[in-house]
Amino acid sequence: MSPCTFCEIIAGRLPSYRVAEDEHTVAFLDIAPANPGHTLVVPRAHAANIWDIPAAAYGQVAQMVHKVAALLSATLAPDGLNIVQANGEAAWQEVFHLHVHLVPRWHGDDLRLMWHATEAEPDELAQVQRRLTAT
């Protein structure tokens, strides 16, 4: 098994551009940013994805996401902010250490929607709802 890139960054064995950190999380600039200020927030303890991290630890990540969102707003004054967290290869996760992307957005930037939304049929929604709420 190859070393985890984000674990190496957290340990200081790989360089990074850290913007915030605490005892539970580290926030650093993405080296291939979608826009200036594109920041990643990761837990210090390795967790591959949302299904691998304890709820309390995910809450700590969420707290740092909130802090970094405020930092980005105050310093870069974007028109908006995308927060993205992918789980698994099918969802375009590339580094298998849970991470949250904070991408500052400005009117007229060149970023596009990740999907084309079409309204679902009520029967389809009801079927999925039944599956999700069945106990």
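Residues numbered from 1 in each chain as written. Predicted model: local features only at pLDDT ≥ 70, side-chain atom pairs only at ≥ 80, totals over all residues. Heavy atoms only, no water.

As annotated in an unreviewed UniProt entry, the protein is HIT family protein from Actinomadura geliboluensis.

J.: Would you mind showing me how to read the UniProt feature "domain: HIT" (unreviewed entry) in the protein here?
T.: Here, UniProt's "domain: HIT" (unreviewed entry) annotation points to residues 5–112. Across residues 5–112 one finds 26% helix and 23% strand; the C-alpha atoms that close the span lie 27 Å apart. (UniProt positions renumbered as here; feature names shortened; annotations may be inferred. Helix = DSSP H or I, 4+ residues; strand = E, 2+ residues; numbered from the N terminus.)

J.: Mind showing me how you'd approach helix α2 (residues 55–76) here?
T.: Think of an α-helix as turning once every 3.6 residues; residues three or four places apart then point the same way. If you check α2, its first and last C-alpha atoms are 31 Å apart, about what 22 residues at 1.5 Å a residue would give, namely 32 Å. All of the buried residues along α2 are V61, M64, V65, V68, A69 and L72. The arc that holds every buried residue of α2, seen down its axis, measures 150°, which confines them to one face. Seen from the open side of α2, the exposed residues pointing more than 90 degrees away from its buried face are A55, A56, Q63, H66, K67 and A74. Residues of α2 that are buried in the fold lie against β1 (18–21), β2 (25–29), β3 (39–43), β4 (80–84) and β5 (100–105). Downstream of α2 by a residue or two, A77 has a phi angle that is positive, lying close to 50°. (Expected span 1.5 Å × (residues − 1). Buried < 20%, exposed > 50% of the residue type's maximum accessible area, 1.4 Å probe, protein only. Arc of directions from axis to C-beta. Contact = heavy atoms within 4.5 Å.)

J.: Honestly, the packing of aromatic side chains in this entry has me stumped. Any pointers?
T.: Where two aromatic rings form a pair, the distance of their centres and the angle of their planes describe that pair. Under the counting rule described, the total for this entry stands at 1 aromatic pair. Centroid distance F6 to F28: 5.5 Å. Interplanar angle 70°. Geometry classified as edge-to-face. Taken as a pair, F6 in helix α1 (residues 5–10) and F28 in strand β2 lie far apart in primary sequence, 22 residues in all. The exposure class assigned to F6 is buried, which follows from its relative accessible area of 6%. (Phe/Tyr/Trp six-rings, centres within 6.5 Å; stacked < 30°, edge-to-face > 60°.)

J.: Is there a simple way to explain the nonpolar core in this structure?
T.: Burial of nonpolar side chains together is a common tendency in soluble globular proteins. Counting 14 residues, the largest nonpolar core has A27, V41, V61, M64, V65, V68 and L102 as its most contacted members. Residue assignment for this core shows that the elements contributing at least two residues are α2 and β5. The element best represented in this core is α2, accounting for 6 residues. Every residue in contact with V65, bar those within four places of it in the chain, is listed here: V41, I83, V100 and L102. Counting 8 residues, the second largest nonpolar core, distinct from the first, contains C4, F6, I10 and V42. (Core = buried A, V, L, I, M, F, W, Y, C linked by side-chain atoms within 4.5 Å.)

J.: Hey, could you run me through the pattern of salt bridges in this one?
T.: Opposite charge on two side chains makes pairing possible when the charged atoms of those side chains draw close. Under the counting rule described, the total for this entry stands at 5 salt bridges. In this structure, the salt-bridge partner of E8 is R13, at a minimum N-O distance of 3.0 Å. Assessed through its relative accessible area of 57%, R13 is described here as exposed. D109 is the partner of R105 in a salt bridge, and the nearest nitrogen-oxygen pair spans 2.8 Å. A relative accessible area of 15% means that D109 is categorised as buried. (Salt bridge = Lys/Arg side-chain N within 4 Å of Asp/Glu carboxyl O.)

J.: What is the right way to look at the environment of H107 in this model?
T.: Tracing the backbone shows H107 in the loop between β5 and α3 (122–133). Taking the C-alpha atoms as reference points, H107 and V61, 46 residues apart in sequence, are found 28 Å from one another.

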